[in-house]
Amino acid sequence: MAYTIRVTDSDIAFPCAPGTTILDAAQNAGYAMPYSCRNGVCGNCKGWIQTGQIDVPRALDGISDEERAGGYTLFCQAKPRSDLEIAPREIQRIDPNARKLVSAKIYRIERPADDVALLQLRFPAGTRVKFKAGQYLQVLLEDGERRCFSMANPPQQSDGAHLHIRVVPGGRFSERVLPGLAAGMTLRVELPYGDFFLRETSDKPAIFVASGTGFAPIKSILEDAFRRGVKRQMTLYWGARKRTDLYLMPLAEKWAVQQPTFRFVPVLSEEGPANGWMGRTGFVHRAVMEDFPTLRGHAVYACGVPAMINAARRDFERKRALPPEDFHCDAFVTPADVVKPRS
């Protein structure tokens, strides 16, 4: 017997079968709520349980004990034990015809850095897929497993997809599949997925925080905004260990020259004046905090590894007064992040 989940202050209600997460039930019913990793690591799907009982794993990096005690949970993990009333950060109807399964041909593979590959895909002639800047696709592997990669191209380029792939030690796709790929081969992909996109209902200055290949969806968002003539103030903080890890830094520097409402701040954690680097150093989210005594009145879009995402969310909200609803993120979660014990 299915439970009924109602969304507070709305007429939205949907069924949830026993053993199904709240997030999956919402998506099965045709609704989208914020999420990213789906593994309880990033905290993007955090919401409030107004009434009802749930089952949820105890040790999750994406939520604190204080938040849990206050009635919050992660909808990607929580499973109802009764009818529920919930308060998600956002919820909206999904276009049932938007997602497509496509056989994409590899057009080009480039290596701008030792551990980064740029994979350019083209869809079959006449095939165009609508997506929002910042969303991602899933690559279907031969055994049915899937790997998620953000699209770095803006949605105006809807006849293909550009992927920025970091080579992860032990990574099944980056170390076992990627080396065998070549131009002319095909990959089965499904898209679009995700809710990491620029909220058009707000004109707040946008601060983008990227680590490593977290630059990919932000590149899509920024290029789309530039093409559409968006006048909103936007700042990109892109963090990495070494200068070579900022694999498309000349492109971001060009934007800063060409776009009057855009500013670019590169940040390195393992290089400094001794290595000839005269720019900002340290952790990328702390560079934001150095520049902004308060983040109230701003919107933050963060993409990268879970450690950066969680640190930025915590410090921006607690130390810079950023409202939780103005923090949007996409966490690049690996299998190691999922099984890592919580400290």
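Residues numbered from 1 in each chain as written. Predicted model: local features only at pLDDT ≥ 70, side-chain atom pairs only at ≥ 80, totals over all residues. Heavy atoms only, no water.

Asks: Give a detailed account of the sheet that holds strand 18 (residues 262-268), specifying residues and quantitative values.
Replies: The six strands lie next to each other as 19-18-17-16-20-21, forming an open sheet whose pairing is parallel. Lying at the two open borders of the sheet, with one neighbouring strand each, are strand 19 (280-281) and strand 21 (327-331). Of the strands in this sheet, strand 17 (234-240) and strand 18 are in contact with helix 5 (residues 249-258), which crosses strand 18 at around 150°. (Pairing = 2+ DSSP bridges. Helix = DSSP H or I, 4+ residues; strand = E, 2+ residues; numbered from the N terminus. Contact = heavy atoms within 4.5 Å. Axes fitted to C-alpha atoms, helices over the stretch in contact; angles between N-to-C directions.)

Asks: Tell me about the pattern of salt bridges, residues and numbers included.
Replies: Should their charged atoms come close, side chains of opposite charge can pair. All told, the structure shown has 22 salt bridges when counted by the stated rule. Put simply, Glu200 and Arg228 hold a salt bridge, and the shortest N to O gap is 2.6 Å. In this pair, Glu200 sits in the loop between strand 15 (186-193) and strand 16 (206-211) while Arg228 sits in the loop between helix 4 (215-227) and strand 17, placing the two residues 28 residues apart along the sequence. Exposure remark for Glu200: the relative accessible area of 52% places this residue in the exposed category. Judged by relative accessible area, Arg228 falls into the partly exposed class, the value being 42%. Between Lys219 and Glu223 there is a salt bridge whose closest N-O contact spans 3.0 Å. (Salt bridge = Lys/Arg side-chain N within 4 Å of Asp/Glu carboxyl O. Buried < 20%, exposed > 50% of the residue type's maximum accessible area, 1.4 Å probe, protein only.)

Asks: Talk me through helix 6 (residues 284-291); I want residue IDs and the actual numbers.
Replies: At 3.6 residues per turn, the α-helix brings residues three or four places apart onto the same side. Here helix 6 has its buried residues at Val284, His285, Ala287, Val288 and Met289. Tucked into the core, helix 6 has its buried residues touching strand 16, strand 17, strand 18, strand 19 and helix 7 (306-319).

Everything listed here is a matter of coordinates, which is why it stays silent on function.
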